[in-house]
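Topology and contacts: notes
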Amino acid sequence: MKPNTQQLQELTTQVRRDILRMVHAVNSGHPGGSLGCTEFLVALYQNLMDRKPGFDMNGIGEDLFFLSNGHISPVFYSVLARSGYFPVSELSTFRKLNSRLQGHPTTHEGLPGIRIASGSLGQGMSVAIGAAQAKKLNHCNHLIYSLHGDGELQEGQNWEAIMYASAKKVDNLIATIDLNGKQIDGSTDEVLPMGSIKAKFEAFDWDVLEIKEGNNLEAIISGMKEAKSRTGKGKPVCVLLHTEMGNGVDYMMYSHAWHGKAPNDAQLETALSQNLVTLGDY
C-alpha cells in the first residue's frame, strides 16, 4: 500500500532533517535546492513511480528516474535510503573520504539507486531521452522521469536534447523543471534571463503543464498524475514545478544564499527545531 498524506509529510520532514544534518556534518553541500525539492522526490519515490524491489541498473520492467542537477544530492540520497535502496545509517558518510555518497552522485561507487553521474550540469536530459528510447526498443511501457534546475537550462546540451525529444516523439518521458528562480550567484533573471520557459518548451513542441504549489504533496501528486496521463500521445511531457529554495527552514527561504552553504551549529539547531524528528535520525 502507498503511504497516506500524513505518512508522506512525516517522511518529508525527516528527509529535511537528513539534508540539514548531512550538510552540517561536513560543512559542505547544497541545502537550498535539496530542501526545495524534498516534497517532489518523496512523492515520486513513495507514490508516483512504479518501482521494483532492489536495484537493477538495466531497470527493465519499472519506471526510472534521472537526477540532472546532481548538486542536490542530499535530498536524493535521503529519499533513496528511506525508500530502501541502502541503509539509512550510510547517510552519515556523506561527502567523507571513501564514501559512496559523493557530493555529486557517481556510478562507479556502486550506490543503489544511482544510474548516472551528474556532477556536470546540463547533461541529464540527454541521458533521460536515451533511456526513454531504450524503453521503446525493449517494448517496455514504463516511464522515464527526470529532474532539472531552472538555472541549469542556461548551459549544457539541454536545448539540443529538448529539440531531439520532440522530433523523435519521445513520449514516454516526463521532465520536471525545478522553477525556484534562484541559482548560486543570484536570481535566474539576474544571472541570465531566460524569458518564458513554458513558451520555450512549447515552441520545441513539448506538452507542458505547471504545478504552481511545488512544495505541496497533494498538488504534486495530482499534477504528476496529470502529466502521466499525457504520455504516449506523441510528445514528451514537461512539468514546470514552482518551488521555494530552502523550503521548510524560514531563514533559508526567499534567498539564493543557501544554494551551496552549510548551516553552523546554531543555525542547524534552529532549522531542526522547525522540522521535528518523525521517523528517527540516522
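This section reports on the structure supplied with the text. From a predicted model like this one, the values you see are computed outputs, not experimental measurements.

Reading across from one edge, E1-E2-E3-E7-E6 is the order of the five strands in this open sheet, with parallel pairing throughout. Both edges of this open sheet fall to strand E1 (64-67) and strand E6 (207-211), since each of them pairs with a single strand only. Direction aside, neighbouring strands of the sheet carry axes that sit 20° apart on average. Pairing between strand E2 (residues 144-149) and strand E3 (residues 173-179): six bridges, direction parallel. Within the sheet, the bridge partner assigned to Ile144 lies in E3 and is Leu173. Contacts from helix H5 (residues 124-137) reach E1, E2 and E3, with the element oriented near 175° to E2.

Moving on: the pairing of E6. Of the pairings in the sheet, the one linking E6 to strand E7 (residues 237-242) comprises five bridges and is parallel in character. Its bridge partner lying in E7, Ile211 is registered against Leu241. Crossover E6 to E7 through helix H9 (residues 217-229) is right-handed.

All right, on to the side chain of Asn180 then. Looking at the element boundaries, Asn180 is found in the loop between E3 and strand E4 (182-183). One polar contact links the side chain of Asn180 to the main-chain amide nitrogen of Lys182, over a distance of 2.8 Å. Excluding residues within four positions of it along the chain, Asn180 makes contact with Asp150, Thr243 and Met245.

One finds Leu44, Tyr45, Phe65, Tyr77, Phe86 and Met224 to be the most contacted residues of the largest nonpolar core, which totals 54 residues. With residues up to four places along the chain from it excluded, the contact list for Met224 reads Phe40, Leu48, Tyr145, Ile174, Thr176, Ile211 and Val239.

About the cut-offs
Residues numbered from 1 in each chain as written. Predicted model: local features only at pLDDT ≥ 70, side-chain atom pairs only at ≥ 80, totals over all residues. Heavy atoms only, no water. Pairing = 2+ DSSP bridges. Helix = DSSP H or I, 4+ residues; strand = E, 2+ residues; numbered from the N terminus. Axes fitted to C-alpha atoms, helices over the stretch in contact; angles between N-to-C directions. Contact = heavy atoms within 4.5 Å. Right-handed = clockwise from strand over helix to strand, strands pointing away. Polar contact = N/O pair within 3.5 Å; in protein donor to acceptor, adjacent residues only side chain to side chain. Core = buried A, V, L, I, M, F, W, Y, C linked by side-chain atoms within 4.5 Å. Buried < 20%, exposed > 50% of the residue type's maximum accessible area, 1.4 Å probe, protein only.

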